[in-house]
Each structure stands twice: as C-alpha cells, then as structure tokens.
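Notes for the structure review
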Amino acid sequence: MSTSQSAEGGSESMAIITYREALNQALREEMRRDPRVFLMGEEVALYQGAYKVSQGLLEEFGSKRVIDTPISEAGFTGVGIGAAMVGLRPIVEMMTFNFALVAIDQIVNQAAKILYMSGGQYNVPLVIRGPGGPAHQLAAQHSQSMESYFYHVPGLKIVRPGTPKDAKGLLKSAIRDDDPVIFIESELLYGTKGEVPDGEYTIPFGVGEIKREGHDVTIVAYSTMLLLALQVAEDLEKEGISAEVVDPRTLRPLDTEIIIESVKKTNHAVVMESGAGFAGIATVIGAIISEQAFDYLDAPVERVTGANAPTPYAKNLERAKAPSKERVIAAVKKVLAI
C-alpha cells in the first residue's frame, strides 16, 4: 500500500479545509471512482444540501446520480436498500438523523438483516449519512444523539468522526464497505477546520486514534465531545494534569484495544458523550473498561453525558443539558482524587 493510500495519510502534504469540505471531497472522489455510487435525499441536488455538503455534485454528476427526493425517509431509504441489493452503492442523506426514526423499520428490519436472512445472497452496501446530535437551538426533536439507537442492532456499522481528516477518510471507507453504515456527522462540526491529506487515503473501521498523549487520565470522546475533551486537556495541563484523549472514530466496530491500553497506562478513565447517557455509548465503553481493565483502575470510571432530558430550545437551558468543560474537569479530578 502506498503512503497516499494509508489509513492516516502518512507523509502526504496537508491542506487545511472544513469538515464540510472534507465530506464533499469524499463524495466527489468516490462518485468519480465508482459509477455505481449515487446520492439521494431531501435537497441534496438543486439546493446543494441543507448544510451544503453536496455542493457542486449535481453539476458534475447529473440528476441520475444526485437525486432530490420527496419528504419521505421511509420511502427513499427503502429505495436505497433495494438499489444496494441489486449492485449499486447508494448514499442516503438524512437532513437530520432525527428523521431516521421515520425510516427505522427500513434500517433496522431490512438493511441490517437482509444479508443474514438471505443466507448471504444479498449484501447491502448502503451509507446513511447526515448530521446528528446537539446543535444550536434546534430543540428537542432535532438535537438527539442517535448513535445509541442503532448501536444495539447487529448488522449495522456506526461511524461518528470528529475531525475533517477522519470525516473524509471514514466516509470513503463507508462508501466502499459492503455492509450498511450509519454515518453520523454534526452541525456543530461542519464549519470546523483541520488538516486533510492531499492524496488518496482511507481510514479503516475499528481503528481509533490517540488525539493527545498523556499519562494521568484517559478521556474517551468522539464527534463534538472530542473537541471539548481536547480543550479540557489543554486546561488540565496548566494545572499539571496530563490527560490522554482517545477518539474511537468508529463506534461499531469499536477499537477496544486502544482504549484499554491507554487505561492501563493512566489507571484512570473518563468517558464522554453528548447523548442522554442512560444506556448510551459512554455506558458501553465504561463497562468495557471495567471488564477488561479492572485491575488497572485506581478509581471507578466516570461518565460525562448530556442530561437525561429532552433538549430545550432556550440557550441557557440547552447549555445546562450539554456536557460542559467544568463537568469534565470535575470528573477528571474526581477519578484522580484531587
């Protein structure tokens, strides 16, 4: 494998682009590479995407490969599943992942189970992507962290990238994958910038990354929580506390090894997620740490999650529901007995 095709982009030169632009590059490159790839969803074509992720794709690839759909998630998700079964590689965009609830039967009872129920006769190489999780004042029905809904379903792969580099590399891998992939982005990340390799690269599923080295405590975080974790680590460094930040990047498959090895080094763990917490991703990761690294822990695993309540519209209440820098710092100091 050449350097430019490596998981991390290797020694390639880097361009600084937004998360949104990185996703657009991934879509464009994969549609050029494989004529079976097409995009469908609400406002993806003429309007160029609700968040402009599909900007310019209609002009380049035409209306047969960039398709505006009616407001019917169950309908066009079903069309995507059928197209995948007969050899195409559809990308279905949810304007917000909250709307995936309208298509939950198609996703859970069809896409996730067809390979098993057909005895291996039909793969479903389908990507369902779009923004999810808390944003700025989108209120209760548009701010849910949906990954835990799908995490329980065998047959689905779950991706939540936190940086432009990871967003591009993982989306390219998702499009090439032969199984259905739930690829959840974030409104809060679309405008963030980061280094992205100039050359061709993909990032394999199930491979996490240490975003910041440390030796006192492990903070596990993904998507928008990753940015908060990195800010916390900077603040803690000023107090003489060295935090290691681990980003799983994909939640299913989950890179348990990188998490466990970090905890074995630091002997303390804090796990973050923006969702409501109860039966969420942080609960799962916390349980895995407790099961596989119990003898290395000097304190119980701490979780920092969103409050167990619908997301309010009011700014002050929205902030109160979300994980905060202060809450993460308090959790770190609790496990360190400071």
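Now for a look at the structure at hand.

Conventions and cut-offs
Residues numbered from 1 in each chain as written. Predicted model: local features only at pLDDT ≥ 70, side-chain atom pairs only at ≥ 80, totals over all residues. Heavy atoms only, no water. Axes fitted to C-alpha atoms, helices over the stretch in contact; angles between N-to-C directions. Helix = DSSP H or I, 4+ residues; strand = E, 2+ residues; numbered from the N terminus. Parallel < 35°, antiparallel > 145°, perpendicular 65-115°, else oblique. Left-handed = near helix turned anticlockwise from the far one by under 90°. Contact = heavy atoms within 4.5 Å. Nonpolar A, V, L, I, M, F, W, Y, C, P; charged D, E, K, R; others polar. Core = buried A, V, L, I, M, F, W, Y, C linked by side-chain atoms within 4.5 Å. Buried < 20%, exposed > 50% of the residue type's maximum accessible area, 1.4 Å probe, protein only. Salt bridge = Lys/Arg side-chain N within 4 Å of Asp/Glu carboxyl O. Phe/Tyr/Trp six-rings, centres within 6.5 Å; stacked < 30°, edge-to-face > 60°. Lys NZ or Arg CZ within 6 Å of the ring centre and 35° of its normal. Polar contact = N/O pair within 3.5 Å; in protein donor to acceptor, adjacent residues only side chain to side chain. Pairing = 2+ DSSP bridges.

This next bit is on the packing of helix 8 (residues 224-238) against helix 12 (residues 325-335). It is the contact of helix 8 with helix 12, at a shortest axis distance of 10 Å, that shows an interaxial angle of 60 degrees. The angle between the axes of helix 8 and helix 12 places the two elements in the oblique class. Judged by the sense of rotation from one axis to the other, the crossing of helix 8 with helix 12 is right-handed. Along the contact surface, helix 8 presents Leu 228, Gln 231, Val 232, Asp 235 and Leu 236, while helix 12 presents Lys 325, Val 328, Ile 329 and Val 332. The residue inventory of the contact of helix 8 with helix 12, partitioned by class, reads six nonpolar, one polar and two charged.

Core analysis: the largest hydrophobic core is formed by 46 residues, its most contacted members being Phe 150, Ile 182 and Ile 289. At the level of elements, strand 2 (37-41), helix 3 (73-85), helix 4 (104-111), helix 6 (147-151), strand 7 (181-185), helix 9 (256-266), strand 13 (269-272) and helix 10 (281-292) are the ones that each hand at least two residues to this core. The element that contributes the greatest number of residues to this core is helix 10, accounting for five residues. Within the second largest apolar cluster, 32 residues are counted, among which are Leu 57, Ile 91, Tyr 190 and Val 196.

The next thing to look at is the pattern of salt bridges. Using the criterion set out here, one finds 29 salt bridges in the structure. Here Asp 166 ties to Lys 211 by a salt bridge, and the two come within 2.7 Å at their closest N and O atoms. Here the residue Asp 166 occupies a position in helix 7 (residues 164-176), and Lys 211 occupies one in strand 9 (residues 209-212), the gap between them amounting to 45 residues. The exposure class assigned to Asp 166 is buried, which follows from its relative accessible area of 0%. What makes Lys 211 partly exposed here is its relative accessible area of 24%.

Let's shift gears to the packing of aromatic side chains. Taken as a whole, this structure holds three aromatic pairs when the rule is applied. Between Phe 97 and Phe 150 the ring centres are 6.1 Å apart and the planes differ by 75 degrees, which places this aromatic pair in the edge-to-face class. Of the two residues, Phe 97 sits in the loop between strand 4 (89-93) and helix 4 while Phe 150 sits in helix 6, which places them 53 residues apart along the sequence. The buried category is assigned to Phe 150, whose relative accessible area is 0%. Sitting above the plane of the Tyr 47 ring, Lys 52 keeps its charged end 3.6 Å from the centroid.

A separate point is the environment of Tyr 190. Its place among the elements puts Tyr 190 in the loop between strand 7 and strand 8 (193-197). Residues Tyr 190 and Ile 259, spaced 69 residues apart in sequence, show a C-alpha to C-alpha distance of 27 Å. In this structure the side chain of Tyr 190 is engaged in a polar contact, spanning 2.6 Å, whose partner is the side chain of Glu 185.

The set of residues buried in helix 9 consists of Ile 258, Ile 259, Ile 260, Ser 262, Val 263 and Thr 266. Contact partners of the buried residues in helix 9: strand 9, strand 10 (217-220), strand 11 (243-247), strand 13 and helix 10. Capping the start of helix 9 is the job of one residue whose side-chain oxygen sits 3.4 Å from the backbone nitrogen of Glu 257: Asp 255. Just downstream of helix 9 lies Asn 267, where phi reads positive at about 70 degrees.

Further remarks concern the pairing of strand 2. The element strand 2 is largely enclosed, with a buried count of five among its five residues. Burial of the side chains of strand 2 extends over both faces: Val 37, Leu 39 and Gly 41 are buried on one face and Phe 38 and Met 40 on the other. Relative to strand 4, strand 2 runs parallel, the two being bridged by five bridges. In the strand pairing of strand 4, Met 40 is matched with Val 92.

It is worth spelling out the sheet that holds strand 12 (residues 250-252) at this point. Spatially, the seven strands line up as an open sheet ordered 3-2-4-5-7-6-12, and their pairing is mixed. The outermost strands of the open sheet, each flanked by one partner alone, are strand 3 (66-68) and strand 12. Taken pair by pair, the neighbouring strands of this sheet meet at an average axis angle of 20 degrees, ignoring direction. Its contacts with the sheet put helix 7 on strand 2, strand 4, strand 5 (127-131), strand 6 (157-159), strand 7 and strand 12, and the angle it makes with strand 7 is roughly 160 degrees.

As for its placement among the helices and strands, Gly 75 is situated in helix 3. You can call Gly 75 partly exposed: its relative accessible area is 33%. Sequence-wise, Gly 75 and Arg 176 are 101 residues apart; in three dimensions their C-alpha atoms are separated by 23 Å.

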